[in-house]
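An overview of the molecular structure
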Amino acid sequence: MGKTFDIGIDALRTGSSHSAPLSSSPAQGGEGLLGGRSFSSDMPTSFPLGALAPEAATPRKSFFIETFGCQMNVHDSEKVAGVLLGRGYRPAENPAQADLLLYNTCSIREKAAQKVFSRLGDHKLSARNDGKVIGVLGCVAQQEGEEIFERAPWVSLVCGSASYRKLPDLVEQLETGGRRVMGLDLDTDETFETEITRRDNPFRAYLTIIEGCDYSCAYCVVPHTRGPERSRASDSVLDEVRRLADSGYTEIQLLGQTVNSYSDPSPRGMNFVELLRAVAAVPGIRRVRFTTSHPNDFHREIVAAIDEVPALCDHIHLPVQSGSTRILKSMRRTYTRDDYLEKISWMRAARRPISITSDIIVGFPGETDSDFEDTVTLLDQVQYDGVFSFKYSPRPNTPAMSMADAVPEEEKGRRLAILQDRQRQIQIERNEKLVGETFEVLVDGRHASRGQWSGRTTSNRILNFTSSRENILGEYVQVRVTRAGPNSLVGEHVEPS
Ligand code: 5AD
Ligand code: SF4
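Described in the following lines is the structure provided in the data block.

Parameters at a glance
Residues numbered from 1 in each chain as written. Chains lettered and ligands numbered in written order. Predicted model: local features only at pLDDT ≥ 70, side-chain atom pairs only at ≥ 80, totals over all residues. Heavy atoms only, no water. Helix = DSSP H or I, 4+ residues; strand = E, 2+ residues; numbered from the N terminus. Contact = heavy atoms within 4.5 Å. Areas by Shrake-Rupley, 256 points an atom, 1.4 Å probe, with all protein chains shown as cover. Pairing = 2+ DSSP bridges. Axes fitted to C-alpha atoms, helices over the stretch in contact; angles between N-to-C directions. Near = heavy atom within 4 Å. Nonpolar A, V, L, I, M, F, W, Y, C, P; charged D, E, K, R; others polar. Core = buried A, V, L, I, M, F, W, Y, C linked by side-chain atoms within 4.5 Å. Buried < 20%, exposed > 50% of the residue type's maximum accessible area, 1.4 Å probe, protein only. Parallel < 35°, antiparallel > 145°, perpendicular 65-115°, else oblique. Left-handed = near helix turned anticlockwise from the far one by under 90°. Polar contact = N/O pair within 3.5 Å; in protein donor to acceptor, adjacent residues only side chain to side chain. Expected span 1.5 Å × (residues − 1). Arc of directions from axis to C-beta.

**Structural notes on the overall build of the chain**
- Scanning the chain from terminus to terminus reveals 15 helices and 22 strands.
- Long-range pairs, those at least 24 residues apart, make up 74% of the contacts in the chain between residues at least 6 apart in sequence.
- About 19400 Å² of surface is accessible on the chain, with carbon and sulfur atoms providing 48% of the total.

**Looking at the sheet that holds strand E15 (residues 315-317)**
- Spatially, E15-E16-E17 is the arrangement adopted by the 3 strands of the open sheet, whose pairing is parallel. Each end of this open sheet is capped by a strand with a single partner; those strands are E15 and strand E17 (386-391). Across this sheet, the average inter-strand angle for adjacent strands is 10 degrees, counted without regard to direction.
- Sheet topology places strand E16 (residues 355-362) next to E17; 6 bridges connect them, and they run parallel. Bridge pairing in E17 links Asp 359 to Phe 388.

**Some words on the site of ligand 2**
- All residues adjacent to ligand 2 are Cys 213, Tyr 215, Cys 217, Tyr 219, Cys 220, Val 222, Pro 223, Gln 257, Thr 258, His 294 and Arg 333.
- Split by residue class, the shell around ligand 2 holds 7 nonpolar, 3 polar and 1 charged.

**Some remarks on the nonpolar core**
- Ranked by internal contacts, the top residues of the largest apolar core, which has 58 residues, are Ile 209 and Leu 254.
- It is helix H10 (residues 272-280) that contributes the most residues to this core, 6 residues altogether.
- Counting residues in hydrophobic clusters, the runner-up holds 21 residues, among them Ala 113, Ile 134, Trp 154 and Val 158.

**What about unusual backbone geometry?**
- With an omega of 5 degrees, the peptide bond running from Thr 291 to Thr 292 counts as cis.
- Within the secondary structure, Thr 292 sits in the loop between strand E14 (287-291) and helix H11 (300-308).
- For Thr 334, which is not a glycine, the phi torsion comes out positive at approximately 70 degrees.
- Phi at Asn 397 is positive, roughly 65 degrees, even though this residue is not glycine.
- Given a relative accessible area of 53%, Asn 397 falls into the exposed group.

**Describing the packing of helix H14 (residues 369-382) against helix H15 (residues 409-432)**
- Contact pair H14 / H15: the axes reach a minimum separation of 10 Å and the direction vectors enclose 15 degrees. Looking at the two axes, H14 sits roughly parallel to H15. Judged by the sense of rotation from one axis to the other, the crossing of H14 with H15 is right-handed. Residues Asp 369, Phe 372, Thr 375, Val 376, Leu 379 and Asp 380 of H14 lie in contact with H15, whose contacting residues are Glu 411, Arg 414, Arg 415, Ile 418, Leu 419, Arg 422, Gln 423 and Ile 426.
- Split into classes, the residues belonging to the contact of H14 with H15 amount to 6 nonpolar, 2 polar and 6 charged.

**Side note on the pairing of strand E5 (residues 100-105)**
- Counting buried positions along E5 yields 6 of 6 residues, so the element is predominantly enclosed.
- Sheet analysis places strand E3 (residues 62-68) next to E5, joined by 6 bridges and oriented parallel. When the bridges of E5 are listed, Ile 65 appears paired with Leu 102.
- Bridge count between E5 and strand E6 (residues 133-137): 5 bridges; the pairing is parallel.

**What about the environment of Thr 457?**
- Within the element layout of this structure, Thr 457 appears in the loop between strand E19 (452-456) and strand E20 (462-466).
- Judged by relative accessible area, Thr 457 falls into the buried class, the value being 1%.
- Each C-alpha atom, one on Thr 457 and one on Phe 439, is 6.3 Å from the other, the two residues being 18 residues apart in sequence.
- Once residues lying within four places of it in the same chain are set aside, the contact partners of Thr 457 are Arg 287, Arg 289, Phe 439, Glu 440, Val 441 and Leu 463.
- Reaching out from Thr 457, the side chain makes a polar contact with the side chain of Ser 459 at a distance of 2.8 Å.

**Focus: the pairing of strand E10 (residues 204-208)**
- Most of E10 sits out of view: 5 of its 5 residues are buried.
- Every second residue of E10 is oriented toward a common face, with Arg 204, Tyr 206 and Thr 208 on one face and Ala 205 and Leu 207 on the other, all of them buried.
- Of the pairings in the sheet, the one linking E10 to strand E13 (residues 251-255) comprises 5 bridges and is parallel in character. Counted as the bridge partner of Leu 207 is Leu 254 from E13.

**Examining the sheet that holds E13**
- Spatial ordering of the open sheet is given by E10-E13-E14, a layout of 3 strands whose pairing is parallel. The outermost strands of the open sheet, each flanked by one partner alone, are E10 and E14. Strand-to-strand twist of the sheet, defined as the mean angle between neighbouring strand axes without regard to direction, takes the value 25 degrees.
- In the packing of helix H9 (residues 234-246) onto the sheet, contacts are made with E10 and E13, and the angle to E10 comes to roughly 165 degrees.
- Packed onto the sheet, H10 meets E13 and E14 and runs at close to 150 degrees relative to E14.

**Remarks on the packing of helix H13 (residues 337-348) against H14**
- At a closest axis distance of 11 Å, the pairing of H13 and H14 adopts a crossing angle of 15 degrees. Viewed along their axes, H13 and H14 adopt a mutual orientation that is roughly parallel. Crossing hand, H13 versus H14: right-handed. Packed against H13, whose contacting residues are Arg 337, Tyr 340, Leu 341, Ile 344 and Arg 348, the element H14 presents Asp 374, Thr 377, Leu 378, Gln 381 and Val 382 at the interface.
- In terms of residue class, the contact of H13 with H14 is built from 5 nonpolar, 2 polar and 3 charged.

**Comments concerning helix H3 (residues 110-122)**
- An ideal rise of 1.5 Å per residue puts 18 Å on 13 residues; H3 measures up with 19 Å between its terminal C-alpha atoms.
- Every buried residue of H3 is listed here: Ala 112, Ala 113, Val 116, Phe 117 and Leu 120. Each buried residue of H3 sits inside an arc of 140 degrees when the element is viewed along its axis, so together they form one side. Pointing more than 90 degrees away from the buried face of H3 are the exposed residues Lys 111 and Asp 122.
- Each element contacted by the buried residues of H3 is listed here: E5, helix H4 (124-129), E6, helix H5 (138-144), helix H6 (147-151) and strand E7 (155-160).

Below is the structure:
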């Protein structure tokens, strides 16, 4: 298995190790109120921020990656960028200037899949006339496979999310004149580790600890597109965390479709909580996040660890999907409403207040008014700090695709609006209670026009605030909340007394 190490953005720029972070906003595909979401909006995230090629290297061709989807996709793109940098490619500033243009796209809902085909259409002429090489990566590639070549014959590379280990070979085939190269194997038992990972977020380092998924939720394409669950060896994870700490990162986000199902394949045999504690104990690491947790593998020990270890962030993203036990069963979610609520009660009993967020699908086939009502009452009961809610979208190769009693689109829309409205009220009420409190935030952005800085609390709340200090980007500072909105807080920097 390849050795993994990270080069931060500054290292790419200066050849030195990561020092002061750049003044770019974090490379997120539209994280919501509390971030930590498994799948963000379908907004694209683009590589790179600028021309960051190592000065010593003689740049060959240039590349540009556009990413749609979740943090796992964003991080996959970082690793793909690492592979390309390792082969001497340099980042282009925009798609038009790139010799190699890659789309890394999530297919969890139909919209993202449609978007990539429309983007591919935009580049048909430059592929034909200027020799631009166009590739499709990720879940859409895995899902659509060879059909992509049929629908968009100017595409030269199709590589699914479970086959990234093949990417260097595929790129080599392209370089040596290959016209249509494809990696779509699902039988991989390895994880995607790269010699270089080009990290695009200077403040938060993403790190995949488990790939694929062994659950089989009836609506979900992930088991099909990302393959079976594979955990990464704990030594390899911890080596990478140490290197990240050495290069200046203080915040780590562990990633996996079901991150808490982690099971160390090496003789050390760590479970998820042991790994969490070990990551948090690495000198220099101040914040450890993880997403997404599956309720089935959510145990009390996780809450106990958060209570005991300050570096473990007090935020848990625990998708419920529905508040109706009947629908949960037909979704094959493996837990009931009461099982789920029991897990919530462990978090509510913790000594540290834990912020809880969730994903919810409305309009799953067979969802009645009364099932939907169960979901709305669940919101009231749990009091989430953020919810990502979606209309059910039928996906190919999923069991729900052929289920009876589809809910009409209009009704899905109506339910979504009711749910979002209710949740917005809950967030307003919850956030208002925070006015007057002081939180530590990691400053990760600046709104120059508003004269505000922006950062996140350990509970992943966004806090926009004023400061009399000149430059606090990348610092941990104390901020007192002065106002609250449904999706973020406003405050002022206070110096510790
Ligand atoms: N339709 C709508 N939402 C979906 N999700 C997954 N599959 C679908 C689908 N077919 C949502 C789930 C999941 C989140 C990442 O996306 O809520 O937790
Ligand atoms: Fe999809 Fe279910 Fe696996 Fe999550 S747990 S990735 S929703 S199959």
